[in-house]
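Structural characterization, general
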Amino acid sequence: MASNSLNSSSEGSFRQSLVVQGRVLHALLIREMLTRYGRNNLGFLWLFLEPMLFTLAVTALWTATRTIHGSDLPITAFAITGYASMLMWRNMPGRCINAIKGNTPLMFHRQVRPLDVYTSRILLEFGGSSASFVLLVMAFWAFDAVALPEDALQVVVGWLTLGWFGAGLAIVLGAVSEKSDLVDKLWPPFSYLLFPFSGAAFIVDSLPDKAREILLYLPMLNCVEFIREGYFGTKMHAHYDMPYVIVFNLVLTLLALGMVRMHVVEADYE
Amino acid sequence: MIQLTDVTKQYPTKSGPRTILKGINLTIRKGEHVGILGRNGAGKSTLVRVIGGAEPPTTGTVEREMSVSWPLAFTGGFHAKLTGIDNLRFICRIYGVDFHDRLDFVKDFSELGAYLYEPLGVYSSGMRARLAFAISMTIDFDCYLIDEVMAVGDDSFREKCKVELFEKRADKAMLIVSHSHRYLKGTCNRFLLFRDGTIQEYDDFDEVYEKYKELLAEPQTF
């Protein structure tokens, strides 16, 4: 670990490092929150308003047209689970791409390292999407528009796994973006392309076998199915392979940490 | 002590990698005041960034056995959307020092008054420098990096900075980049002249200044 203490000893114990780490993450989180949402509450409100508008629009559209989304699941809850999940795996990378480029001056404070910047942004994004998910369900539930999840624990587990995937992907893309501008340009169109395949608008059970097999290589689709099974329980027949997602996440995490060490951090030369 | 051993720094450019620092060896001990001279683009600020730890060297090592400040009056780490107070809070948080103690000093020293509660985006560059300098002084370091700091602020503020830095903190190590010879002459006891990515050390200011003027007379290509 880099020596962080002000009295410049290089022997900072592990515990000391943890304290510094906590301090830095705390400071970065508040900084991110203030710069993103501002002091007035309206900024923060958008976190919920945007997905809420989307959910309302989808509900209206699908109720009006009765488009086949592959099941007779309650459409509002279906839209919420799909969109909230998409927000998480799409926005985490979005926030981490070029995150260091714009923040190099911060690195003058040697206790702040690229991984801290990534972590704080990922945590904030995770908190934001989680809060928006929960509040949306509560809000629609208050108006009797959705039922509560049948198995909340499964929803939480699926949500956490999806968050883990998003975090790994975010750091990998973030680290690559420091080396190549292509990531910044390609991620938005690529994520739009992935959006329809990620389960936001269908359930896997409605697909032909061949398509199922191929699309289930997408970790986020497995997570969404898992979350939805938790949400709708016996009302839906879910398809997923969570061990596959876990292995995928592990590999992604290793890759992410390795890249941060190799390319961007390079901080342990002290 | 800060020790640089065979430090090189390369940046990719359109015409291939460009080596800015070519094997720098340098030791800075407690209390030394080191002045750096060199033409634009010679690598002075790169050296400051590498010593400060904002960027790792491409090859070579930087060992720090004393705490090193961020470049004084440097506003890059501040956020334009945050108020002066919020930026101070951020610094206090990451350095683990009490904010309330520091606030009075910053208010007093920066003389920014109500502007402290405004986002940095509305500050003039002089005001930003005032804030940055004041905040820099709230954290105690063994070594201060000073990159052209005195180019900012009006005379009275400059005088204040001088007292705060060179009188109250005279025993601290300092690394000073400046084009102002008057400024370096009075404060430094070691001088480094940058030339083609390498440094040449001089103990005597008049000698280094002579060489520096010769350098300036040469045609320059980047």
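Residues numbered from 1 in each chain as written. Chains lettered and ligands numbered in written order. Predicted model: local features only at pLDDT ≥ 70, side-chain atom pairs only at ≥ 80, totals over all residues. Heavy atoms only, no water.

The name an unreviewed UniProt entry assigns to chain B is ABC transporter ATP-binding protein, from the organism Novosphingobium piscinae.

This is how it is decided: UniProt positions are given in the numbering used here, feature names are shortened, and annotations may be inferred rather than shown by experiment.
The name given to chain A in an unreviewed UniProt entry is ABC transporter permease, with Novosphingobium piscinae as the source organism. One UniProt comment on chain A, placed under Sequence similarities (unreviewed entry), says "Belongs to the ABC-2 integral membrane protein family." In its Subcellular location (unreviewed entry) section, the UniProt entry covering chain A states "Cell membrane".

**Some remarks on the overall build of chain B**
The condition that has to hold: Put simply, DSSP H or I for four residues or longer makes a helix, DSSP E for two residues or longer makes a strand, and each gets a number counted from the N terminus. Note on method: radius of gyration uses C-alpha positions; expected globular size equals 2.2 Å times residues raised to 0.38. Exposure is judged per residue with a 1.4 Å probe applied to protein chains only, and the accessible area is read against the type maximum: over 50% gives exposed, under 20% gives buried, and values in between give partly exposed. Any two residues having at least one pair of non-hydrogen atoms within 4.5 Å are treated as being in contact. By the counting rule applied here, Lys and Arg register as positive and Asp and Glu as negative, while His and the ends of each chain are not counted. Here the site of a charge means atom NZ of a Lys, CZ of an Arg, CG of an Asp or CD of a Glu.
A count of helices and strands for chain B gives 7 helices and 8 strands. For chain B, the C-alpha radius of gyration of 18 Å lies close to 17 Å, the compact-globule estimate for 222 residues. Structurally, chain B occupies a C-alpha span of about 50 × 35 × 35 Å along its principal axes. Residues classed as buried in chain B amount to 52% of the 222 residues present. Considering only intrachain contacts with a sequence separation of at least 6, the fraction spanning at least 24 residues in chain B is 67%. Looking at charge distribution, chain B has the averaged site of its 29 positive side-chain charges lying 5 Å from that of its 31 negative ones.

**Considering the overall build of chain A**
The condition that has to hold: For the area figures, the Shrake-Rupley method with a 1.4 Å probe applies, and any residue is considered shielded solely by the protein chains shown.
Summing up its helical and strand segments, chain A has 9 helices and 0 strands in all. The burial tally for chain A puts 52% of its 270 residues in the buried class. As presented, chain A carries roughly 12900 Å² of accessible surface, and 69% of it is formed by carbon and sulfur atoms.

**Re the confidence of the model for chain A**
Residues and elements named next belong to chain A. Rules: Values of pLDDT, the confidence the predictor places in each residue, fall between 0 and 100.
Averaged over every residue, the pLDDT of chain A is 84; the share at 70 or more is 89%. Ranking the elements of chain A by mean pLDDT puts helix α2 (residues 41-65) last with 75 and helix α5 (residues 152-177) first with 96. Low confidence marks residues 264-270, where pLDDT is under 50. Its contacts with residues over four positions away, or in another chain, come to 25 contacts.

**Re helix α8 (residues 219-232) of chain A**
Residue and element names in this part refer to chain A. Note the following rule: Expected helix span is computed as 1.5 Å times (number of residues minus one).
Between its first and last C-alpha atoms α8 spans 20 Å; for 14 residues at 1.5 Å apiece the expected length is 20 Å, and the two agree. Most of α8 sits inside the fold, with 13 of its 14 residues counted as buried. Just past α8, the residue Gly233 takes up positive phi, approximately 60°.

**Digging into the nonpolar core**
The condition that has to hold: Only buried Ala, Val, Leu, Ile, Met, Phe, Trp, Tyr and Cys residues count toward a nonpolar core, and they belong to the same one when joined by side-chain atoms within 4.5 Å. Here the bounds of each domain stem from an automatic or database domain assignment.
Counting residues in hydrophobic clusters, the biggest one holds 121 residues, and the most contacted among them are Phe133, Ile146 and Leu165 of chain B. Considering each element in turn, this core owes the most residues, 13 residues, to helix α3 (residues 75-96) of chain A. Two domains each put at least three residues into this core: domain 1 (1-69 + 142-150 + 173-222) and domain 2 (72-140) of chain B. Within the second largest apolar cluster, 25 residues are counted, among which are Leu26, Ala42, Val48 and Leu175 of chain B.

**Thoughts on the pairing of strand β7 (residues 190-195) of chain B**
If a strand is regular, its side chains alternate between the two faces of the sheet. Residues and elements named next belong to chain B. Test applied: A strand pair is defined by DSSP finding two or more bridges across the two strands.
The buried count for β7 comes to 5 of 6 residues, which makes it a mostly enclosed element. Relative to β7, strand β3 (residues 33-37) runs parallel, the two sharing 4 bridges. Its bridge partner being in β7, Val34 is matched across the sheet by Arg190. Of the strand pairs in this sheet, β7 and strand β8 (residues 198-202) are connected by 5 bridges, and their pairing is antiparallel. From the neighbouring strand, Arg195 faces β8, where its bridge partner is Thr198. In sequence, β7 turns back onto β8 through a hairpin of 2 residues, with Asp196 there showing a positive phi of about 50°.

**Regarding a nonpolar patch on the surface**
Residue and element names in this part refer to chain A. Heads up, the rule is: Nonpolar side chains (Val, Leu, Ile, Met, Phe, Trp, Tyr) within 5 Å and like charges within 9 Å form the patches, drawn only from residues with over 30% relative accessible area and no salt bridge. The term salt bridge refers to a pairing of a side-chain nitrogen on Lys or Arg with a carboxyl oxygen on Asp or Glu at a separation within 4 Å.
Taken together, Leu42, Leu45, Trp46, Leu49 and Leu53 make up a surface patch of nonpolar side chains, about 500 Å² in accessible area. With respect to the element layout, Leu53 can be found in helix α2. For Leu53, a relative accessible area of 52% translates into the label exposed.

**Remarks on the interface of chain B and chain A**
It is common to report an interface's size as the accessible area lost on association of the parts. To keep things clear, this is the line we draw: By definition, the buried area sums, over both parts, the 1.4 Å-probe accessible area that each loses when the two are put together. Polar contact criterion, stated in full: a pair of N or O atoms within 3.5 Å, where within protein one must be able to donate a hydrogen and the other to accept it, and residues adjacent in sequence count only if both atoms are side-chain atoms.
Contact residues are listed per partner, giving 38 residues for chain B and 25 residues for chain A. Carbon and sulfur atoms supply 60% of the area that chain B and chain A bury against each other, a total of about 2800 Å² over both sides. Where chain B packs against chain A, one counts 0 salt bridges. Linking chain B with chain A are 7 residue pairs in polar contact (both at pLDDT 80 or more), by the criterion used here.

**What to know about the sheet that holds β3 of chain B**
Residues and elements named next belong to chain B. Using the following cut-off: For helices, the fitted axis covers only the stretch in contact; all axes are lines through C-alpha atoms, and the angles between them, taken along N-to-C directions, range from 0 to 180 degrees.
Strand order in the open sheet formed by 5 strands is β5-β6-β3-β7-β8, and the pairing between neighbours is mixed. The sheet is open, and its two edges are formed by β5 (143-147) and β8, each paired on a single side. Averaged over all neighbouring strand pairs, the angle between strand axes comes to 20°, with direction disregarded. Summarising the sheet, β3 and strand β6 (residues 173-177) pair through 4 bridges and their orientation is parallel. Paired with Val34 across the strands is Leu175, a residue of β6. Relative to the sheet, helix α7 (residues 205-217) contacts β3, β7 and β8, its axis offset from that of β7 by approximately 15°.

**Describing the packing of aromatic side chains**
Heads up, the rule is: Pairing of aromatic rings covers Phe, Tyr and Trp, the last counted by its six-membered ring, and requires centre-to-centre distances within 6.5 Å; plane angles under 30 degrees mean stacked, over 60 mean edge-to-face, and any other angle means tilted. When the NZ atom of lysine or the CZ atom of arginine is within 6 Å of a ring's centre and also within 35 degrees of its normal, the charge is said to sit over that ring.
Scanning the model with the defined rule gives 20 aromatic pairs over all chains in all. With a centroid separation of 5.7 Å and 65° between ring planes, the pair formed by Phe109 of chain B and Phe157 of chain B is classed as edge-to-face. On the criterion of sequence distance, the pair formed by Phe109 of chain B in helix α3 (residues 99-110) and Phe157 of chain B in helix α5 (residues 155-167) is long-range, its members being 48 residues apart. When the centroid spacing of 5.4 Å and the interplanar angle of 20° are considered together, the rings of Phe205 of chain B and Tyr209 of chain B count as stacked. Separated by 4 residues within a single helix, Phe205 of chain B and Tyr209 of chain B lie in helix α7, roughly one turn from each other. Of the two residues, Phe205 of chain B and Tyr209 of chain B, neither departs from the other in class, the shared state being buried. Within the aromatic cluster, the residues linked to one another by ring pairs are Phe165, Tyr217, Tyr244 and Phe248 of chain A. Above the ring of Phe99 of chain B, the side-chain terminus of Arg89 of chain B is found at 4.6 Å from the ring centroid. When the ring centre of Phe109 of chain B is taken as origin, the NZ or CZ atom of Lys160 of chain B, which lies over that ring, is 4.9 Å away.

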